[in-house]
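Residue-level listing of the chains:
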Amino acid sequence: MTDSTPQPGVPDLGGRTALVTGAAGGIGRACVLRLAAAGAKVRAVDRDAEGLAALVERATDDGRPGTVEALTLDLTDLDAAEHAAAGTDILVNNAGLQLVRPIEDFPPEVFSTVLRVMLEAPFRLMRGALPHMYGQGWGRIVNISSVHGLRASPYKSAYVAAKHGLEGLSKTAALEGAAHGVTSNCVCPGYVRTPLVERQIADQAAAHGIDPERVVGEILLADTAVKRLVEPEEVAEMAAYLCSPQASFVTGASLTMDGGWTAH
Ligand code: NAD
């Protein structure tokens, strides 16, 4: 069985179109492959054209039932983002970026960019997608939030603010969409094994003068009961579940995959 083989209970998404942002990276890439494995026609959006090309090649080599088409787009172009979402049945808001810096040293322009990509773009993508979803009486919005949508950590002001905002946006979309057959939910992972986290591990190892294994065990997973990183495919599985018929009553929810972090 491959990481993205359809599982029992996960829908046949044949005939459905999906748009996934941040598709060239860890979680977004896994979501694209998972939804394509379930038969969806996936529009993979990222600013990283090379990463998208590699993804399309991988999806084609795999011979998945669905198809993957690449759209190179910088989501700071909000009008283009809204336009790109027109006609999609499933929207996965996943693109994100991180800067770890105390508030007094945090560059205001980076704060604005983080909010733009991780909160304003999802809003504009929803605006673009909802008329079609409402028109057919079915739609799925999956917002890849984070434990940082529910908890703060020092030095991550923009990221924590954006994710808390995304949580509110998701719940509002759930209330507005319910009468139209549209669900909206957040998936809230702890630390996932992706390039974003690999970079943080390397930075922290250098900053603390310790090896990467100790960074994972002693710093990243200090509050996590299950002492391992989450795999991107596990997050993609949750996203696929949220598109299933069994999940039609699940809306306005924040589904944690945090190894017990928020149980504290
Ligand atoms: P990643 O860095 O591997 O991938 C993020 C992708 O977003 C990249 O391909 C990047 O090119 C794209 N992107 C960034 N800015 C963009 C822009 N302006 N326009 C278009 N594309 C842009 O990150 P990841 O770890 O896979 O994270 C994906 C999502 O999951 C993010 O929202 C992140 O906050 C969330 N998340 C990650 C973790 C983790 O531990 N990795 C934990 C919880 C939540």
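Residues take numbers from 1 onward in each chain, read along the sequence in its written order. Whole-chain, interface and lining totals are the exception, using all residues; otherwise, since this is a predicted model, local features are given only for residues with pLDDT of at least 70 and side-chain atom pairs are given and counted only at 80 or more. Water and hydrogen atoms were dropped before computing side-chain values, which therefore reflect all heavy atoms in the structure.

Draft legend 1. Up close: the sheet that holds strand S4 (residues 90–93). Two strands pair under a simple rule: DSSP has to find at least two bridges between them. Under the DSSP-based scheme used, a helix requires at least four consecutive residues in state H or I and a strand at least two consecutive residues in state E, with every element numbered from the N terminus. The seven strands lie next to each other as S3-S2-S1-S4-S5-S6-S7, forming an open sheet whose pairing is parallel. Every other strand in the sheet has two partners, leaving strand S3 (67–72) and strand S7 (254–257) as the edge strands with one partner each. Strand after strand, the sheet turns through a mean of 20° between neighbouring axes, direction not considered. As defined by bridge partners, strand S6 (residues 182–189) adjoins S7 across four bridges and the pair is classed as parallel. The axes used here are C-alpha line fits, helices contributing only the stretch in contact, and every angle between their N-to-C directions lies in the interval 0 to 180 degrees.

Draft legend 2. Examining the packing of aromatic side chains more closely. Note on aromatic contacts: the rings of Phe and Tyr and the six-membered ring of Trp form a pair at centre separations within 6.5 Å, being stacked when their planes are under 30 degrees apart, edge-to-face when over 60 apart, and tilted otherwise. Evaluated as defined, the whole model comprises two aromatic pairs. Ring geometry for Phe106 against Phe111: centres 6.2 Å apart, planes inclined by 85°, an arrangement best described as edge-to-face. Each residue gets one of three labels from its accessible area relative to the maximum for its type: buried under 20%, exposed over 50%, partly exposed in between, using a 1.4 Å probe on protein chains only. For Phe106, a relative accessible area of 8% translates into the label buried. For the pair Tyr191 and Trp261, a centre-to-centre distance of 5.7 Å together with 15° between the ring planes defines the contact as stacked. Here Tyr191 is found in the loop between S6 and helix H6 (195–208), whereas its partner Trp261 is found in the segment after S7, with 70 residues between them in sequence. Overall, Tyr191 belongs to the buried group, its relative accessible area being 13%. The rule for a charge over a ring is simple: NZ of Lys or CZ of Arg within 6 Å of the ring centre, and within 35 degrees of the ring normal. Across the ring face of Trp138, the terminal group of Arg16 is positioned such that the distance to the ring centre comes to 3.6 Å.

Draft legend 3. Quick look at H6. Here the expected length of a helix is defined as 1.5 Å per residue gap, with one fewer gap than residues. Taking 1.5 Å of rise per residue, the 14 residues of H6 would be expected to cover 20 Å, and the 20 Å separating its terminal C-alpha atoms lies within 8% of that figure. Val197, Gln200, Ile201 and Ala205 are the residues of H6 that are buried. Buried residues of H6 fall within an arc of 135° about the axis and therefore sit on the same side. Opposite the buried face of H6, by more than 90 degrees, sit the exposed residues Arg199, Asp203, Ala206 and Ala207. Trailing H6 by a residue or two, Gly209 shows a phi angle of about 65°, which is positive. This arc describes the spread of directions from the helix axis toward the C-beta atoms.

Geometric descriptors of this kind do not, in isolation, establish any biological role.
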